[in-house]
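Listed below are the residues making up each chain.
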2 protein chains.
Amino acid sequence: MRIVALSGGVGGAKLVSGLANVLPPERLTVIANTADDFDHLGLRICPDLDTVIYNLAGCQHPAQGWGHAGESFHALEQIRRLEPADSWFLLGDKDLATHLLRRKWLDAGNSLTDVTAQLARAFDLSVTLLPMCDQYVSTRMILKQPWQGQTTLAFQDYFVRYQCHPEIKDYAFSGIEHSTLSDAVNLALQTMDALVICPSNPFVSIAPILSVTGFKDAVLERQCPCIVVSPIIAGRAVKGPAAKMLHELGLRQSAVAIAEFYRDIASHFVLDSSDEDLALCIA
Amino acid sequence: MRIVALSGGVGGAKLVSGLANVLPPERLTVIANTADDFDHLGLRICPDLDTVIYNLAGCQHPAQGWGHAGESFHALEQIRRLEPADSWFLLGDKDLATHLLRRKWLDAGNSLTDVTAQLARAFDLSVTLLPMCDQYVSTRMILKQPWQGQTTLAFQDYFVRYQCHPEIKDYAFSGIEHSTLSDAVNLALQTMDALVICPSNPFVSIAPILSVTGFKDAVLERQCPCIVVSPIIAGRAVKGPAAKMLHELGLRQSAVAIAEFYRDIASHFVLDSSDEDLALCIA
């Protein structure tokens, strides 16, 4: 029984950790979103990959779900003193080690897939963790009204710098047209016995993965179940701006809208018991 | 009275700090060695520039003379856990802020001269600090006997990783043939009223500066005093491997050998009082 799980950050990482607790590690492959990756201070930051790694390694900050437990911010505090404009993204000292090693290994010509495997080994993970692709893809949020003069925002500006305040009317994955299925992702999709879509943001965490050239076709052609776990419970997101986005995109703030979003690929849909009344609307 | 001081790391930075205490800041320009700069984990590390900055800013580690006072090493400890081979160079958490900002500003297309000025401003320095040139030059130590199969070593490998243990027979400045005088260095040399050579290592701190294309000629053509402060006191180096290098290069472990080294450019030579007997040998 080989399970492939598609994951974004915190919400997805929680289910992935649960799966890792009950499955033999060679049976679980996690494919994580990398469309919110970005370059900052010369580092390549891959928030979703890192959140999955830290959660699988059990070293994640217990309350936040992302970043390290017992993290310090001495480098960041110094950046704030020297160049306040560059201190908006929360970089912990331990976390910096991940980004520095990733930078080094990427600079040496390794693919993000290989670098991620190397990081996973360094964190003693036995589960296979793959980036959705090796090409650089970046999510852009398309705004209803200009925000500080901008009509679109890079995802981390939207998510971290502006705390999801700007209203969105759409989103796009810049560079996705150059993406290809890596050999590792292709093999995982061809040999899986079940596909799990984690309770991650459908628009900015799972949609980018499904948008990698060839990914959705491989999912549609599969001969196995596809189990979607709703990231919306009682109208609220497990984590992050999914519910707010549903509203701004003109959709219902409900698990029903999630089921609708995945209608063409889902065979099973997991609802929270508090939403059991909705089961009748999802058929 | 405009003073230009040539400096390496700790020894030079101490004299530079003293000069900064007694001179109006607009009268002092420091030109620092950058031939021991190197790339590490994607960062550009400039040990001598940083040591001068931290000393001028008064935030240097009081005992070491390099690095920050009250520094922590959480990022480095994590690198040691994840990839022990990359933890040989001591990178403090606060220090990382300097390297990350330098990386960002260099990546944006700025020269090292401009980036250094930007860092100096961030540290509230009022003295002018210049790198010896904007091109990348790297000191290589040429060994008497192969060390772990290598006949030459990059400077930081020699200095930090192997703690100056390998015996050297010579040294070379790789890339120096592509170096040019920056406008700022050229202006400083053309308008100085005195040149001070700090008590830095003559071979690997001051020689690279003098080897920048056009630098030595400008010094020889000057119309002002050149005051050398001996880095050797009573046969021992103020700091670092200068005395050991003198020995391995077949020179006397004495301030006399230093005076000889600078004979063609020095007009004044400052000896420690413990070496006053040597004054007669230096004429």
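Residues numbered from 1 in each chain as written. Chains lettered and ligands numbered in written order. Predicted model: local features only at pLDDT ≥ 70, side-chain atom pairs only at ≥ 80, totals over all residues. Heavy atoms only, no water.

### Structural notes on the overall build of chain A
Going by this rule: Helical segments are the DSSP runs of H or I of at least four residues, strand segments are the runs of E of at least two, and each set is numbered from the N terminus. Restricting the calculation to C-alpha atoms gives the radius of gyration, and the globule rule supplies 2.2 Å times the number of residues raised to the power 0.38. Any two residues whose heavy atoms approach within 4.5 Å are treated as being in contact.
Scanning chain A for helices and strands turns up 11 helices and 13 strands. Computed over the C-alpha atoms, the radius of gyration of chain A is 18 Å, within 12% of the 19 Å expected from 2.2 N^0.38 for a compact globule of 283 residues. Considering only C-alpha atoms, chain A reaches an extent of 55 × 45 × 35 Å along its principal axes. Here the analysis covers contacts within chain A between residues at least 6 apart in sequence; of these, 71% occur between residues at least 24 apart.

### A closer look at the relation of the copies chain A and chain B
Here is the rule we go by: Here the copies are matched by least squares. The fit uses the C-alpha atoms of residues with pLDDT of at least 70 in both.
With an RMSD of 0.0 Å, chain A superimposes on chain B once it is rotated by 180° and translated 0.0 Å along the axis. One copy is carried onto the other by what is essentially a two-fold rotation axis. When C-alpha positions in chain A are compared against the rotation axis, the closest is assigned to Asp-93 of chain A, at 3.3 Å. Looking at chain A, 100% of its interface residues are interface residues in chain B too, so the copies touch through the same face.

### Some thoughts on the interface of chain A and chain B
Put simply, the test is: Put simply, buried area is the surface a 1.4 Å probe can reach on two separate parts but cannot reach once they are joined, added for both. The term salt bridge refers to a pairing of a side-chain nitrogen on Lys or Arg with a carboxyl oxygen on Asp or Glu at a separation within 4 Å. Polar contacts, as used here, are pairs of N or O atoms within 3.5 Å; protein pairs need one atom able to donate a hydrogen and one able to accept it. Residues neighboring in sequence count only if both atoms are side-chain atoms.
Between chain A and chain B, the residue contacts involve 26 residues of the former and 26 residues of the latter. Interface area for chain A against chain B, summed over the two sides, is near 2,300 Å², with a carbon-plus-sulfur share of 71%. For chain A, the biggest contributors to the area lost against chain B are Leu-41, Leu-82 and Leu-100 of chain A; these three give 26% of the whole. Our enumeration of links across chain A and chain B arrives at 2 salt bridges. For the pair chain A and chain B, the number of links is 4 residue pairs in polar contact (both at pLDDT 80 or more). Every element with two or more residues in the side of chain A that touches chain B is listed here: α3 (74-82) and α4 (93-107) of chain A.

### Digging into helix α2 (residues 47-57) of chain B
Let me state the cut-off plainly: Summary of the burial criterion: residues with accessible area below 20% of their type's maximum are buried, those above 50% are exposed, and those between are partly exposed, where the area comes from a 1.4 Å probe applied to protein chains only.
Among the 11 residues in α2 of chain B, 10 count as buried, and that is most of the element. Among the residues trailing α2 of chain B, Gly-58 of chain B stands out with phi positive, at a value near 75°.

### Section: the sheet that holds strand β13 (residues 268-270) of chain A
Residues and elements named next belong to chain A. Keep this limit in mind: Two strands qualify as a pair provided that DSSP identifies no fewer than 2 bridges between them. Comment: axis = line fitted to C-alpha atoms, over the contacting stretch for helices; angle = value between 0 and 180 degrees taken between N-to-C directions.
Taken together, the 6 strands give an open sheet; going across it, the order is β5-β2-β1-β9-β10-β13, and neighbouring strands pair in parallel fashion. The open sheet has two free edges, formed respectively by β5 (128-131) and β13, since each of these has just one partner strand. On average, adjacent strands in this sheet sit at an angle of 20° to one another, irrespective of strand direction. Packing of helix α1 (residues 10-22) onto the sheet brings it into contact with β1 (3-7), β2 (28-32), β9 (194-197) and β10 (226-229), and relative to β1 it is tilted by some 160°. Of the strands in this sheet, β1, β2 and β5 touch helix α7 (residues 183-191), which is tilted by about 120° from β5.

### Here's the deal with the packing of helix α1 (residues 10-22) of chain B against α2 of chain B
For any two helices packed against each other, one specifies the crossing angle of their axes together with the interaxial distance. All names here are of chain B. This is how it is decided: The handedness criterion is simple: a crossing whose near helix is rotated anticlockwise from the far helix by less than a right angle is left-handed, and one whose near helix is rotated clockwise is right-handed. Only Asp, Glu, Lys and Arg are considered charged in this grouping, and only Ala, Val, Leu, Ile, Met, Phe, Trp, Tyr, Cys and Pro are considered nonpolar; every other residue, Gly among them, is considered polar.
Here α1 crosses α2 at 35°, and the two axes come no closer than 9 Å. As α1 packs across α2, the resulting crossing turns out to be right-handed. Counting all contacts with α1, which are made through Val-10, Ala-13, Val-16, Ser-17 and Ala-20, the residues of α2 involved are Thr-51, Val-52, Asn-55 and Leu-56. Of the residues contributing to the contact of α1 with α2, the split by class is 6 nonpolar, 3 polar and no charged.

### Looking at the packing of aromatic side chains
The following threshold applies: Note on aromatic contacts: the rings of Phe and Tyr and the six-membered ring of Trp form a pair at centre separations within 6.5 Å, being stacked when their planes are under 30 degrees apart, edge-to-face when over 60 apart, and tilted otherwise.
Inspection of every chain in the model, using the stated rule, returns 22 aromatic pairs over all chains. Here the aromatic rings of Phe-155 of chain B and Tyr-158 of chain B are separated by 6.2 Å at their centres, their planes lie at 45°, and the arrangement is tilted. Placement of the pair is Phe-155 of chain B and Tyr-158 of chain B together in helix α6 (residues 155-161), with a separation of 3 residues, close to one helical turn. We classify Phe-155 of chain B as buried; its relative accessible area is 7%. A centroid spacing of 5.0 Å and a plane angle of 90° characterise the contact between Phe-261 of chain B and Tyr-262 of chain B, whose relative ring orientation is edge-to-face. Joined through ring pairs, the aromatic side chains of Tyr-171, Phe-173, Phe-203, Phe-261 and Tyr-262 of chain A make up one cluster.

### Here's the deal with unusual backbone geometry
Residues and elements named next belong to chain A. Phi is positive for Asp-124, which is not a glycine, with a value near 65°. A positive phi angle is found at Gln-148, which is not glycine, with a value near 50°. Here Gln-148 shows up in the loop between β6 (138-147) and β7 (150-154).

### Concerning the packing of helix α2 (residues 47-57) of chain A against α4 of chain A
Residues and elements named next belong to chain A. Filter applied, for reference: These descriptions rest on fixed angle ranges, namely under 35 degrees for roughly parallel, over 145 for roughly antiparallel, 65 to 115 for roughly perpendicular, and the rest for oblique.
Two elements in contact, α2 and α4, have axes separated by 12 Å at closest approach and are oriented at 125°. Comparing their axes, α4 and α2 come out oblique. Seen from above, α2 lies across α4 with right-handed handedness. Mapping the contact onto sequence places Leu-49, Asp-50 and Tyr-54 in α2 and Asp-95, Thr-98, His-99 and Arg-102 in α4. Along the lines of polarity and charge, the residues of the contact of α2 with α4 split into 2 nonpolar, 2 polar and 3 charged.

### Section: the confidence of the model for chain A
Quick note on the threshold: A residue's pLDDT is simply how confident the predictor is in it, with values from 0 to 100.
In this model, chain A carries a mean pLDDT of 96, and residues with pLDDT of at least 70 account for 100%. Quick note on the complex model: pTM equals 0.94, ipTM equals 0.93.

### Topic: the sheet that holds β6 of chain A
Residues and elements named next belong to chain A. In spatial order, the strands read β7-β6-β8; together these 3 strands make up an open sheet with antiparallel pairing. In this open sheet, the two strands that pair with only one neighbour each are β7 and β8 (168-174). Adjacent strand axes in the sheet meet at a mean angle of 30° when their direction is disregarded. One ladder, built from 4 bridges, connects β6 with β7; its direction is antiparallel. Across the sheet, Trp-147 pairs through a bridge with Gln-150, a residue of β7. With respect to the sheet, helix α8 (residues 202-211) is in contact with β6 and β8, its orientation differing from that of β8 by roughly 40°.

### Describing the pattern of salt bridges
Any two side chains of opposite charge can pair, on the condition that their charged atoms come close. Per the stated rule, a full pass over the model turns up 20 salt bridges over all chains. In this structure, the salt-bridge partner of Asp-86 of chain B is Lys-104 of chain A, at a minimum N-O distance of 2.7 Å. With Asp-86 of chain B in the loop between α3 (74-82) and α4 (93-107) and Lys-104 of chain A in helix α4, the pair connects residues from two separate chains. Residue Asp-86 of chain B is classed as buried on the basis of its relative accessible area, which comes to 6%. The exposure class assigned to Lys-104 of chain A is partly exposed, which follows from its relative accessible area of 29%. A salt bridge links Arg-263 of chain B to Glu-260 of chain B, with the shortest nitrogen-to-oxygen separation between them at 3.4 Å. Looking at Glu-260 of chain B, the relative accessible area reads 46%, which means it is partly exposed.

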